[in-house]
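Observations on the three-dimensional arrangement
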Amino acid sequence: MPFDYDLFVIGGGSGGVRAARIAAAEGGARVGLAEESRMGGTCVIRGCVPKKLMVNASAYPKALQDAAAYGWDVQAGAFDWPKFRGLLGAELTRLETAYRGTLRNAGVVVHDARASLADAHTVRLSTGQTFTAKHILIATGGWPFVPDVPGADLAVTSNEMFDLDTLPQRALIVGGGYIASEFACILNGFGTKVTQIYRGPQILRGFDEEARGHVVTGMQAAGIEIRCNADVARLDRSSGGIVATDLSGAQIEVDLVLYATGRRPNVQGLGLEQLGVAFGQFGEVIVDEWSQTAVPSIYAVGDVTNRVNLTPVAIREGHALADTLFRAKPTKADHAMVASAVFTQPELGAVGMTEEQAKARGGAEVYAATFRPMKTLFAGRQDRVLMKLIVDAQTRVVLGCHIVGPEAGEMIQLAAIAVKMGATKEDFDRTVAVHPTMAEELVTMRKPTRTHPAI
Ligand code: NDP
């Protein structure tokens, strides 16, 4: 019996939408897609997009101070959070509509329903409908994880941050990853007194240590209190807000507690276990390099597979799958040298090897420059930028690049092209500087700052 669809995608986020669109529009496949919430997934609805707009909004007080330092007669006035929230909501609705339009134009049939698997080729929707499909793609993303701490229900997660009734005057942010650090800076920019509490010795674990240090210095200088080697023991409601007690017994009263302690793959209730799909230690769907699960007709892409949990990676995985299944172009997603940015203030951009990894491997040179950029130096700020390259001492290939400073995300995107291409330090040096810029430092660092001998 023929299948209802060639491909049925569960999840309308970055990875699922890309796979569906390419399969239908370019692969000629009959594609169905089920989404239980709003189209666009975490990135568009409750992640990257609203977060970046909040980063932009929160950066204006500093920009206005700088404008005044440059001679402008400006008064910041107050921030109208409900007005911004309304504009943000309208923008997300516009994007969601655009996503739906793109899928419709591609010929994808969208089902606004929750889906689960009845068997390896059958999807059952919450509407009661069932559909058969030759291939089924799980692209259900992740969901915030909150540890089991007494009073944790008093806290919010990143999901709720874009719909707050009011901005808090005092906030406690738990965690030291991307989300915790970005929201610490956002709220601080809005004027909230922010305390960030992290269980390890330094936030942003996994990034280059010197780069993390620069971010922390900048965040602290901006007024954020970062408490490391500490964790919340319990939360209690008080007459003035929420009291957080840490493991040492110290207490802090705040208006808002944000838990940003990681995300977990969204696999609950999909019915995958009975079918023989394998899971990893965090509940992630185990797939091979073709994004295929242990059940041949079932695939998975994006955060639900917990490979590299970034939107552009999910998009590549989804695209590669559609190419493989429907365009006679067998393609594996490439997870090497993926650049990323943390939109803290200051921003951090990174690609490739950290200095710690280079040291452990041996045979590396480190070129690092820190300086006060012209723009904010003129405004009297102490902000420092970091430009750093990790170079293989023998082949001269640039193994890693780390940038801290304004627009580091934009800069690392461009540097990542050269690094991904295997450029050498000499290739960087042959490139004439663009002056006066911050990024010119990447091509003018002549002497290694440190060397790590071969082991
Ligand atoms: P991360 O994995 O980046 O950070 C989680 C943080 O929570 C870590 O500091 C971790 O500590 C801490 N933590 C974990 N479990 C506990 C616990 N039980 N008690 C106390 N602390 C705990 O997750 P995020 O939630 O920040 O982000 C999720 C994903 O989303 C990231 O993997 C990232 O890829 C993606 N993302 C990307 C962004 C970007 O590209 N700019 C922005 C936002 C998110 P420890 O370090 O000790 O493990």
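Preceding block: the structure.
What this report covers is the structure whose coordinates are included nearby. Since we're looking at a predicted model, the values are computed, not measured. Here, residues in each chain are numbered from 1, in the same order as that chain's written sequence. Where local features are concerned, this predicted model is filtered to residues with pLDDT of at least 70; where side-chain atom pairs are given and counted, the filter is 80 or more; whole-chain, interface and lining totals use all residues. Based on all heavy atoms of the structure, the side-chain values leave hydrogens and waters out of the count.

**Section: the nonpolar core**
Joining through side-chain atoms within 4.5 Å is the link that ties buried Ala, Val, Leu, Ile, Met, Phe, Trp, Tyr and Cys residues into a set, and such a set is a nonpolar core. Only protein chains enter the accessibility calculation, which uses a 1.4 Å probe; a residue whose area is less than 20% of its type maximum is buried, one above 50% is exposed, and one in between is partly exposed. Counting residues in hydrophobic clusters, the biggest one holds 40 residues, and the most contacted among them are Met-54, Met-161, Ile-173, Phe-183, Met-219, Leu-256 and Leu-348. Counting from the N terminus, the helices are the DSSP runs of H or I reaching at least four residues and the strands are the DSSP runs of E reaching at least two. Listing elements by their share of this core, those giving two or more residues are helix 3 (48–58), helix 5 (81–106), strand 8 (170–174), helix 6 (178–190), helix 7 (209–221), strand 14 (256–259), strand 17 (340–342) and strand 18 (348–352). Counting residues per element, this core draws most heavily on helix 6, which supplies seven residues. In this analysis, two residues are considered to be in contact whenever any of their non-hydrogen atoms come within 4.5 Å of each other. Ignoring sequence-local partners within four residues, the contact set of Met-161 consists of Met-54, Trp-81, Val-156, Phe-183, Leu-187, Leu-256 and Leu-258. One finds Ala-113, Leu-117, Leu-270 and Ile-298 within the second-largest nonpolar core, a separate group that totals 23 residues.

**Side note on the site of the ligand**
Near the ligand there are 21 residues, and of these Ile-179, Tyr-198, Arg-205, Asn-309 and Ala-341 occur at the shortest range. Tyr-198 places a side-chain nitrogen or oxygen 2.7 Å from an oxygen atom of the ligand. Residue contributions to the shell around the ligand peak at three residues, all from helix 6. Considered class by class, the residues forming the shell around the ligand number nine nonpolar, six polar and six charged. One heavy atom suffices: a residue is near a molecule or strand as soon as one of its heavy atoms comes within 4 Å of it. Identification of polar contacts relies on pairs of N or O atoms within 3.5 Å, with a donor-acceptor requirement for protein atoms, meaning one able to donate a hydrogen and the other able to accept it, and with residues adjacent in sequence counted only if both atoms are side-chain atoms. When residues are grouped by polarity, Ala, Val, Leu, Ile, Met, Phe, Trp, Tyr, Cys and Pro land in nonpolar, Asp, Glu, Lys and Arg in charged, and all others, Gly among them, in polar.

**Description of the sheet that holds strand 21 (residues 398–404)**
Only strands that DSSP links by at least two bridges are regarded as paired with each other. Taken together, the six strands give an open sheet; going across it, the order is 17-18-21-20-19-22, and neighbouring strands pair in antiparallel fashion. Only two strands of the sheet have a single neighbouring strand rather than two, namely strand 17 and strand 22 (450–452). The sheet shows a mean angle of 15 degrees between the axes of neighbouring strands, direction not considered. Across six bridges, strand 20 (residues 385–392) lies against strand 21 in antiparallel orientation. The residue bridging Lys-388 from the neighbouring strand is His-402, located in strand 21. Helix axes use the C-alpha atoms of the stretch in contact, all axes being lines fitted to C-alpha atoms, and the angles between their N-to-C directions lie in the range 0 to 180 degrees. Its contacts with the sheet place helix 7 against strand 18, strand 19 (364–371), strand 20, strand 21 and strand 22, and it is angled at close to 175 degrees to strand 20.

Note that every value here comes from positions in space, so none of it alone points to a role or purpose.
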